[in-house]
Amino acid sequence: MRLPMIAGNWKMNTTLNEATALVTEMLKGLDAIEGVEKVVCPPFVSLAAIRDLLKGTSVKLGAQNLYFEEKGAYTGEISPLMLAGLCELVIIGHSERRQYFGDTGEVVNRKIRAALKAGLRPILCIGERLEENEAGKTAEVVTEQLKLAMDGIDYPPGFIIAYEPVWAIGTGKAATGEQADETIGLVRRNVSDMYGKEAADGVRILYGGSVTAANTAEFMRQSEIDGALVGGASLKAADFLSIIKQTSEIL
Ligand code: PEP
């Protein structure tokens, strides 16, 4: 049995005041829902305040990125050591990082290593672009991204992968449940090839890309999908709660 996870990626949204107000609103319903690992990933500047609000609750905190060096002359960057005292999880390799900030496969690999060394649990994002999908290259692309990200890294206990087709992120055009399930099944087979059956049975693989309260059930009913990484809909307390509640009822 894999514990489902729903993680909210707030991206570059919310001021400190908005972030604390949003979490306060979410906590009215979120804490009581069982059977789902619940995670919020606010911007860096709100992590400390939200950590304080989440103390003693069942909701976990994640960051959206990190830099792979521990300290030094890297103006503007956030190190794994800074995050280790603040949050448990960290999103790595999000397609927006790959697209706008030059996070290549090698950079993603270094970030995964750095996160693990600092005791953070990575949520590794992989997914194909629209033209790759249309060219029938989805399997090839996600296989290559996973291999590069994990090159030379032992299987991390509690590993989490998010399959996020780039064409579905923030577009309102989600994959179908079957499409997502098929690719997630392939990712699980890749994990099996790399790390063995036990790892493949245990790894949680989330779907991400325009998940809403209205389409959550379609994804959670699939056999391979272990939860969701949610962007836009995680900024509305009622929607995020509904996604988590539905997940707890289905999975
Ligand atoms: C994301 O940011 O990982 C994401 C899936 O965004 P959205 O749900 O808005 O498509």
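Structure first, text after, so check above.
Note that the structure is a prediction, hence the values are computed from the model and not measured.

(A) Structural context of the overall build of the protein. Across its full length, the protein holds eleven helices and eight strands. The globule rule puts the C-alpha radius of gyration for 251 residues at 18 Å, and the 17 Å found for the protein is close to it. Its C-alpha atoms give the protein principal-axis dimensions of roughly 45 × 45 × 35 Å. Taken across its 251 residues, the protein has 53% of its residues classed as buried. About 11300 Å² of surface is accessible on the protein, with carbon and sulfur atoms providing 52% of the total. One finds the centroid of the 26 positive side-chain charges in the protein at a distance of 4 Å from the centroid of its 33 negative side-chain charges.

(B) Quick peek at the packing of aromatic side chains. Counted according to the given criterion, the structure contains six aromatic pairs. Measuring from ring centre to ring centre gives 6.0 Å for Tyr 155 and Phe 159, while their planes differ by 90°; the resulting arrangement is edge-to-face. Take Phe 159: its relative accessible area is 2%, and that puts it in the buried class. Judged by centre distance (4.3 Å) and plane angle (15°), the rings of Tyr 207 and Phe 219 are stacked. Pair noted here: Tyr 207 is in strand S7 (residues 204–208) and Phe 219 is in helix H10 (residues 216–220), with a separation of twelve residues, a long-range link. For the residue pair Tyr 207 and Phe 219, the accessibility class agrees, reading buried in each case.

(C) Representation of the sheet that holds strand S2 (residues 37–41) within the structure. Taken together, eight strands build a closed barrel; the order of strands is S1-S2-S3-S4-S5-S6-S7-S8 and the barrel is parallel. Averaged over neighbouring strand pairs, the angle between their axes works out to 25° when direction is ignored. Most of the contacts of helix H7 (residues 138–150) go to strand S5 (residues 121–126), to which it runs at about 150°, and overall it touches S5 and strand S6 (160–163). Taken strand by strand, helix H11 (residues 237–250) contacts strand S1 (5–9), S2 and strand S8 (227–230), and its axis lies near 165° from that of S1.

Quick notes on the rules
- Residues numbered from 1 in each chain as written.
- Predicted model: local features only at pLDDT ≥ 70, side-chain atom pairs only at ≥ 80, totals over all residues.
- Heavy atoms only, no water.
- Helix = DSSP H or I, 4+ residues; strand = E, 2+ residues; numbered from the N terminus.
- Rg over C-alpha atoms; globule rule 2.2 N^0.38 Å.
- Buried < 20%, exposed > 50% of the residue type's maximum accessible area, 1.4 Å probe, protein only.
- Areas by Shrake-Rupley, 256 points an atom, 1.4 Å probe, with all protein chains shown as cover.
- Lys, Arg positive; Asp, Glu negative; His and termini not counted.
- Charge placed at Lys NZ, Arg CZ, Asp CG, Glu CD.
- Phe/Tyr/Trp six-rings, centres within 6.5 Å; stacked < 30°, edge-to-face > 60°.
- Pairing = 2+ DSSP bridges.
- Axes fitted to C-alpha atoms, helices over the stretch in contact; angles between N-to-C directions.
- Contact = heavy atoms within 4.5 Å.

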